[in-house]
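Spelled out, the chains give:
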Amino acid sequence: MSFDILQSVLFALLTVGIVGAAAGVVLMKRITGSALLMAFAFLCNAGMFLLLGAETVAAFQVLIYVGAITVLILYGVMFTPQQDRRYGLFFQTQTPWAALLVAPIGIFVAFFAFSFADPGKALPGGGDLVPLATSVFGDFAFPFEVASVLLLAAMIGAIVLVKRDEE
Amino acid sequence: MIPLGAFIAVSAVLFFIGVAGVLVRRNAVVILMCVELMLNATNLALVAFSRKAGMIDERGSVFVVFVFVVAAAEVAVGLAIVLSLYRNRPTVDVDEVHAMKG
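Quick caveat, the model's predicted, so the values are computed rather than measured.

(A) Just the overall build of chain B, in detail. Along the backbone of chain B there are three helices and zero strands. In chain B, the order of α-helices and β-strands from amino to carboxyl end is α-α-α. Over its C-alpha trace chain B gives a radius of gyration of 17 Å, far above what one expects of a compact globule, namely 13 Å for 102 residues. With respect to the three principal axes, the spread of C-alpha positions in chain B is 55 × 25 × 25 Å. Taking contacts inside chain B between residues at least 6 apart in sequence as the whole, the part at least 24 apart equals 51%.

(B) Local environment of the overall build of chain A. Helix and strand counts for chain A come out as seven helices and zero strands. In chain A, the succession of helices and strands from N to C terminus is α-α-α-α-α-α-α. In chain A, buried positions account for 22% of the 167 residues. Partitioning the intrachain contacts of chain A with sequence separation of at least 6 by distance along the chain shows that 54% fall at a separation of at least 24.

(C) Region of the structure containing the interface of chain B and chain A. Across the boundary between the two partners, chain B contributes 62 residues, which contact 66 residues of chain A. When residues of the side of chain B that touches chain A are traced back to their parent elements, those giving at least two are helix H1 (4-24), helix H2 (28-52) and helix H3 (59-88) of chain B. Top contributing element to the side of chain B that touches chain A by residue count: H3(B), with 21 residues. In terms of residue class, the side of chain B that touches chain A is made up of 45 nonpolar, seven polar and 10 charged.

(D) A look at helix H2 (residues 31-51) of chain A. If you check H2(A), its first and last C-alpha atoms are 30 Å apart, about what 21 residues at 1.5 Å a residue would give, namely 30 Å. One or two steps after H2(A), the chain reaches A:Gly53, where phi turns positive at roughly 90 degrees.

(E) Molecular detail of the nonpolar core. In terms of nonpolar packing, the biggest core is built from 65 residues, with A:Val25, A:Met38, A:Ala41, B:Leu14, B:Val29, B:Met33 and B:Leu37 touching the most fellow members. If you list the elements that add at least two residues to this core, you get helix H1 (2-27), H2, helix H3 (55-79) and helix H7 (141-162) of chain A together with H1, H2 and H3 of chain B. When residues in this core are grouped by element, the largest group, 15 residues, is from H2(B). If we ignore the near neighbours within four places in the chain, the residues touching B:Leu37 are A:Ala22, A:Val25, A:Met38, A:Ala41, B:Leu14, B:Ile17, B:Gly18 and B:Gly21.

(F) The arrangement of the environment of A:Gln7 in detail. Looking at where A:Gln7 falls in the secondary structure, it is placed in helix H1. In the structure, A:Gln7 is positioned 44 residues away from A:Leu51 in sequence and 7.4 Å away in space, judged by C-alpha atoms. The residues touching A:Gln7, leaving out its near neighbours within four places in the chain, are A:Leu51 and B:Ile2.

(G) Geometry of the packing of helix H6 (residues 129-137) of chain A against H3(B). Running from N to C, H6(A) and H3(B) point in directions that differ by 65 degrees, and their axes come no closer than 9 Å. In terms of axis orientation, H6(A) runs roughly perpendicular to H3(B). For the element pair H6(A) and H3(B), the recorded crossing hand is right-handed. Where H6(A) approaches H3(B), its residues A:Leu132, A:Ser135 and A:Val136 are matched on the opposing element by B:Arg59, B:Ser61, B:Val62 and B:Val65. Here the contact of H6(A) with H3(B) is composed, by residue class, of four nonpolar, two polar and one charged.

(H) Structural view of the confidence of the model for chain B. When pLDDT is averaged along chain B, the result is 86; 94% of the residues meet or exceed 70. Our summary of model confidence lists the complex with pTM equal to 0.82 and ipTM equal to 0.90.

(I) The arrangement of the environment of A:Val136 in detail. Its location among the elements puts A:Val136 in helix H6. Excluding its chain neighbours within four sequence positions, the residues that come into contact with A:Val136 are A:Phe144, B:Val62 and B:Val65.

(J) Structural context of the packing of H1(B) against H2(B). Residues and elements named next belong to chain B. With their axes 8 Å apart at the nearest point, H1 and H2 run at an angle of 165 degrees to one another. Accordingly, the angle class assigned to the pair H1 and H2 is roughly antiparallel. Considering how the two elements wind past one another, H1 and H2 form a crossing that is left-handed. When H1 is examined against H2, the residues Leu 4, Phe 7, Ile 8, Val 10, Ser 11, Leu 14, Phe 15, Ile 17, Gly 18, Val 19, Gly 21 and Val 22 are found in contact with a partner set consisting of Val 30, Ile 31, Cys 34, Val 35, Leu 37, Met 38, Asn 40, Ala 41, Leu 44, Ala 45, Ala 48 and Lys 52. When the residues that make up the contact of H1 with H2 are grouped by side-chain class, the tally is 19 nonpolar, four polar and one charged.

Conventions used here
Residues numbered from 1 in each chain as written. Chains lettered and ligands numbered in written order. Predicted model: local features only at pLDDT ≥ 70, side-chain atom pairs only at ≥ 80, totals over all residues. Helix = DSSP H or I, 4+ residues; strand = E, 2+ residues; numbered from the N terminus. Rg over C-alpha atoms; globule rule 2.2 N^0.38 Å. Contact = placed C-beta atoms within 7 Å. Buried ≥ 20, exposed ≤ 12 C-beta atoms within 10 Å, placed from the backbone. Nonpolar A, V, L, I, M, F, W, Y, C, P; charged D, E, K, R; others polar. Expected span 1.5 Å × (residues − 1). Core = buried A, V, L, I, M, F, W, Y, C linked by C-beta atoms within 7 Å. Axes fitted to C-alpha atoms, helices over the stretch in contact; angles between N-to-C directions. Parallel < 35°, antiparallel > 145°, perpendicular 65-115°, else oblique. Left-handed = near helix turned anticlockwise from the far one by under 90°. pLDDT = per-residue confidence, 0-100.

Below, the structure written as C-alpha cells:
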C-alpha cells in the first residue's frame, strides 16, 4: 500500500525531471547547459526503467547514455562555437498557426496514450538479466552480430571523417 | 501500480519535445541532442510495453539494446560530420549550410 504511494511519487518526480530537463534542452540558450540537462533527462529515464523493473536496461542506460554519449556530445560542444541565435526563423513569425496545428495532434496523442489498457498482471520477481541474455544470444544472435558490424563501421567512418589529409 | 498509459504518455511528451527541438533549434549539436531525446522516448515506450504487456521474455528490452547501439553509432558519425563541417566552414548553424541544396 505504502509502496504504491511511493511508486506514484517517484513516477511523478521522474516525469517532472524528464519533461523539465527535455524542455530545458530545447529552450536553454547555452548549449553546455543543454548538454548537462540532457544527461539529467537520461538519468531520470534510467529511473523510469528501474520503476518498470528493467534493471539491466537501466544500467545500460546509465553506462551508455549518461556516460558515453554525454561525454561525446560535450566534446562536440567544446569543439564548436556558441551562438546567439536560439530559434529558427520559421517559428518566430507563425507561432499561433503552429500552436493551432500542434494542439489537436497533441490532444489526440494524449488520448491514444491513455487508451492502452493495463493488463494488470505483474511479471514474476527476479532480475531481467537472464531473459534478456537468453533473448540476445538466442533468437537475436545474428542481429547482435550485425549490430557489432554497424558499430565497427561507424567507428571507422567517424575516424575517416575527422582525419586530416596529410599532404 | 502505475498504469501503462502513464509511461506511454511520458514517452510521447518526451518524443514531442525532441521533435520540437529538432525543428526549432539551429545548432547542429543541439539537434543531435534532441535526436537522442527522441531515441530515449522510444526506449521508454519499448520497455514499458515489454514489462507491462505480460510477456515472459524480454523482447522489448532486446530492441532497446539495439537502439542503444544505433544511437551510439549515430552520435559518433553525426559529431564527426559536424566537426568536419566546422573545419571546412566556421559554422554549426544548419540554416547556413546549404551547399547541397538544389
